[in-house]
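Here is how the chains run, residue by residue.
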Amino acid sequence: MTPDDLLAFEEDIAQEFAAGKIRSPIHLGGGSERQLIEIFETIKPHDWVLCGWRSHYHCLLKGVPRDQLKAAILAGHSVSLCFPAHRILCSGIVGGIAPIAVGLAWAIKQRREAAVEAANYAYDSHIDAIEGQDVDAHGYSYDDMVATSNKLSDAPERVHCFLGDMSAESGVVHEAVKYAAGHDLPIRWIIEDNGLSVCTATKASWGLSGDRADVTHYQYTLSRPHAGIGRWVKF
Amino acid sequence: MGEILSAYFSELCRAMALLAEQPNAMFIGQGVGCAGTTLTDTLPDVPKEKLLEFPVAEDLQMGFSIGMALEGVLPVCIFPRWNFLLCAANQIVNHLDRLPIYSGGGYNPRVIIRVATPITKGFYPGPQHDDDFTEAFRAMLRTVRIVCLRKPSLIVPAYKVAATAPCSTLLVEYTELYGAVPSGVKG
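This is a predicted model, so every value here is computed, not measured. (Residues numbered from 1 in each chain as written. Chains lettered and ligands numbered in written order. Predicted model: local features only at pLDDT ≥ 70, side-chain atom pairs only at ≥ 80, totals over all residues. Heavy atoms only, no water.)

**Student:** How would you explain unusual backbone geometry if you had to name every residue and give the values?
**Tutor:** Residues and elements named next belong to chain A. The phi dihedral of arginine 87 is positive, around 55°, even though this residue is not glycine. Among the secondary structure elements, arginine 87 is positioned in the loop between β2 (82–83) and β3 (88–90). Of note, the phi angle at valine 198 is positive, near 55°, even though the residue is not glycine. Relative to the assigned elements, valine 198 resides in the loop between β6 (196–197) and β7 (200–201). Residue classification places valine 198 among the partly exposed positions, given a relative accessible area of 47%. (Helix = DSSP H or I, 4+ residues; strand = E, 2+ residues; numbered from the N terminus. Buried < 20%, exposed > 50% of the residue type's maximum accessible area, 1.4 Å probe, protein only.)

**Student:** Summarise the nonpolar core; cite the residues concerned and give the values.
**Tutor:** Of all hydrophobic cores here, the largest spans 97 residues; its most connected members are A:Leu50, A:Leu89, A:Trp106, A:Trp189, B:Phe27, B:Met62 and B:Tyr159. It is helix α5 (residues 97–124) of chain A that contributes the most residues to this core, 10 residues altogether. Leaving out residues up to four positions away in the same chain, A:Leu89 has contacts with A:Val49, A:Leu50, A:Cys51, A:Leu81, A:Cys82, A:Ile97, A:Ile100, B:Leu70, B:Leu99, B:Tyr102 and B:Tyr107. (Core = buried A, V, L, I, M, F, W, Y, C linked by side-chain atoms within 4.5 Å. Contact = heavy atoms within 4.5 Å.)

**Student:** Kindly report on the pattern of salt bridges, identifying the contributing residues and their values.
**Tutor:** Residues and elements named next belong to chain B. What the rule picks out here adds up to 14 salt bridges over all chains. Among the salt bridges present, the one from arginine 14 reaches glutamate 11, with a minimum N-O distance of 3.1 Å. Of this pair, arginine 14 and glutamate 11 both sit in helix α1 (residues 2–20), three residues apart, which is roughly one turn of the helix. The exposure class assigned to glutamate 11 is buried, which follows from its relative accessible area of 17%. Put simply, arginine 138 and glutamate 135 hold a salt bridge, and the shortest N to O gap is 3.3 Å. Of this pair, arginine 138 and glutamate 135 both sit in helix α6 (residues 134–140), three residues apart, roughly one helical turn. Taking the relative accessible area as the measure of exposure, arginine 138 reaches 37% and is therefore partly exposed. (Salt bridge = Lys/Arg side-chain N within 4 Å of Asp/Glu carboxyl O.)

**Student:** Provide a residue-level description of the interface of chain A and chain B, including the pertinent values.
**Tutor:** Across the boundary between the two partners, chain A contributes 27 residues, which contact 24 residues of chain B. Summed over both partners, the interface of chain A with chain B buries about 2000 Å², with 71% contributed by carbon and sulfur atoms. The largest per-residue losses of area from chain A upon contact with chain B belong to A:Ile100, A:Trp106 and A:Tyr179, which jointly make up 27% of the total buried on that side. Across the contact surface, chain A and chain B share two salt bridges. Between A:Arg87 and B:Glu71 there is a salt bridge, with the nearest N and O atoms lying 3.0 Å from each other. Among the elements of the structure, β2, β3, α5 and α7 (171–182) of chain A are those that each provide at least two residues to the side of chain A that touches chain B. (Buried area = accessible area lost by both parts, 1.4 Å probe.)

**Student:** Which residues make up helix α4 (residues 66–74) of chain A, and what are the values?
**Tutor:** Residues and elements named next belong to chain A. Every buried residue of α4 is accounted for by Leu69, Lys70, Ala72 and Ile73. Seen along its axis, α4 keeps its buried residues to an arc of 160°; they face one direction. In this fold, the buried residues of α4 make contact with α1 (3–18), α3 (56–62) and β2. Following α4 by one or two positions, glycine 76 has its phi on the positive side, about 95°. (Arc of directions from axis to C-beta.)

This is how it looks when you write it as structure tokens:
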């Protein structure tokens, strides 16, 4: 997927919106193609991706087929796209995905720790000694142990939570980042900073300067209006 | 009267113990892993590894529970008062309730929420602690069930249904029916 692919998709959606075929809000991407392509190079298919309302690029880069994505947008779901098969969950509520992302990461960590414990047990039980038997004295089969071992050799799942710069300053996001850091959860926060919340200058409105060091932060200039296509469309 | 009050409390304890038998159940809230609220006393038979003491951050707690549920956990999310649960209303309404709708059934997090309506006779907890928002939440929720536990006999059956229901459930308790709780903390 190239920047031109992403831009072409959004232009197609803009044309559909202009033609009055999308009777719900849309928030088009524009200006963040290069940064997102680079970020998604480290996101694996089994990872979770949580986003806000401007998520068309994210869905495409996570592997959602463009026809499927376009159908969802035409059906009016652009603000809160969800594709469980691709582990994508979006929301139109400012900062709303951050607590959900932390809960996902907590559960992933718990499951992984349980798997590690099982693998350690398997090792301690001398896995080779029971090959060919149905189960050992504790109910573990050889296949169980091999499956556990294979699972642990896979890259661990992670949660990637994309937030706008104003969302990132909300109280619940500060709580979420603090909890995730304190409990060492497998989560990455990505702040998509275009400096604005709709038309409000984020940092000036908070009286802030500087960026957090414990999150991934990229800046871009949104080449589209906040929502819609910049002119009235008659539906 | 005393026997009825005692039955209410013991049925809550029994319901929590039964929920704890679910392999994926986790109890989350403030005062679940340590003493603190009246509801704490209803968890004596829940194994410690199933108790997740959480910071006071209601909206975070509710969203966190939704995330857990999406990964296969059955969270029992505990709020000692309606006024505190109100701080989690954003997540309850906009995600727990609406996510099954706006994802077209693709995501259906199942969370059990416990909330208590406090005593107002004899001991008055104050205007920020005494509310019962049951009807207000009924008006806001489309997919989450609300069940009022007004009698001891309702408690265990209601939690059994909640544990297997295809949707989330908010169960309302009444602390004036608790009777003499072990910690002596009421309201």
